[in-house]
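# Observations on the three-dimensional arrangement
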Amino acid sequence: ARKWPNRLELDIRLERAIAYWNDDAYINHLGEVFVADYVGDRDLPHLYGPKGTAHRVMEEYQQFNRMLFKSGNVIELLKLNDRGAWEFHNSSGTKIFLGNENIRERLQRTVNILYEIENKSLGTPKLIDARYNNGAAVEWNNKFELAQNSKLQRDLSL
């Protein structure tokens, strides 16, 4: 800002990006959105949400990651859509749909599923849809291999 007479005031703030925000900005640990030409660490998660939801999305990102850490996963991408439904992609490449109701319960169900999949060495699921009230649907990358290895032929339709 310029102040009369012949005075210049600068306001410099150091921001540390914890995630990309909607592909055109960054978000800090307080949930504040900022734009920068250069950010040192390019290996950041991607967070998406409607305008004005950055703080909420950042808080949920941190909560979700705490719960997922127990299953050895982290969030690479988290989306909140206009209808309030949550979706994320974990570090294994699995896409997870949580919907917009009972999010904590559905996330815990997903963590339990991921833990069981890891314990039984079933591979990496392509998608987990936890939007159901009492269960989840799992889509596999290679259904045939899973059926042979896990003796689940009757449970899988190819």
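Every value quoted in this text rests on a predicted model; they were computed, and no experiment measured them. (Residues numbered from 1 in each chain as written. Predicted model: local features only at pLDDT ≥ 70, side-chain atom pairs only at ≥ 80, totals over all residues. Heavy atoms only, no water.)

## Side note on the layout of surface pockets
Roughly 160 Å³ of internal volume is contained in the second largest pocket. The wall of the second largest pocket is formed by Lys79, Leu80, Asn81, Arg83, Ala85, Trp86, Glu87, Phe97, Leu98, Gly99, Asn100 and Arg131. Every element with two or more residues in the lining of the second largest pocket is listed here: strand S7 (75-80), strand S8 (86-90) and strand S9 (95-99). Take the lining of the second largest pocket: its biggest share by element is three residues, from S9. Of the residues contributing to the lining of the second largest pocket, the split by class is five nonpolar, three polar and four charged. (1 Å grid on protein atoms, 1.4 Å probe; cavity = no way out; pocket = protein on both sides within 12 Å on 5 of 7 lines; lining within 4 Å. Points joined across faces, edges and corners; volume = space filled by probe spheres on them. Helix = DSSP H or I, 4+ residues; strand = E, 2+ residues; numbered from the N terminus. Nonpolar A, V, L, I, M, F, W, Y, C, P; charged D, E, K, R; others polar.)

## What about the environment of Ala17?
Mapped onto the secondary structure, Ala17 falls in the loop between strand S2 (7-8) and strand S3 (19-21). Judged by its relative accessible area of 13%, Ala17 falls in the buried class. When the C-alpha atoms of Ala17 and Phe34 are compared, they prove to be 8.6 Å apart, with 17 residues separating the residues in sequence. (Buried < 20%, exposed > 50% of the residue type's maximum accessible area, 1.4 Å probe, protein only.)

## Considerations on the nonpolar core
Ile27, Leu47, Phe64, Leu78, Trp86, Phe88 and Leu98 are the most contacted members of the largest nonpolar core, which totals 29 residues. Counting residues per element, the ones that place at least two in this core are S3, strand S4 (25-27), helix H1 (54-69), S7, S8, S9 and helix H2 (103-119). Examining the composition of this core, we find that seven residues originate from one element, H1, more than from any other. Apart from the residues within four sequence positions on either side, Ile27 is in contact with Arg16, Ala17, Ile18, Ala19, Trp21, Glu32, Val33, Phe34, Leu47, Ala54 and Met58. Listed in part, the five residues of the second largest apolar core include Ala17, Tyr20, Tyr26 and Leu44. (Core = buried A, V, L, I, M, F, W, Y, C linked by side-chain atoms within 4.5 Å. Contact = heavy atoms within 4.5 Å.)

## A few points about H2
Taking 1.5 Å of rise per residue, the 17 residues of H2 would be expected to cover 24 Å, and the 24 Å separating its terminal C-alpha atoms lies within 8% of that figure. Residues Ile103, Arg106, Leu107, Arg109, Thr110, Val111, Ile113, Leu114 and Ile117 constitute the buried set of H2. Where H2 is buried, its residues contact H1, S8, S9, strand S10 (125-129) and strand S11 (137-140). Two residues or fewer after H2 comes Ser121, characterised by a positive phi angle close to 50 degrees. (Expected span 1.5 Å × (residues − 1).)

That is the geometry; function is a separate question.
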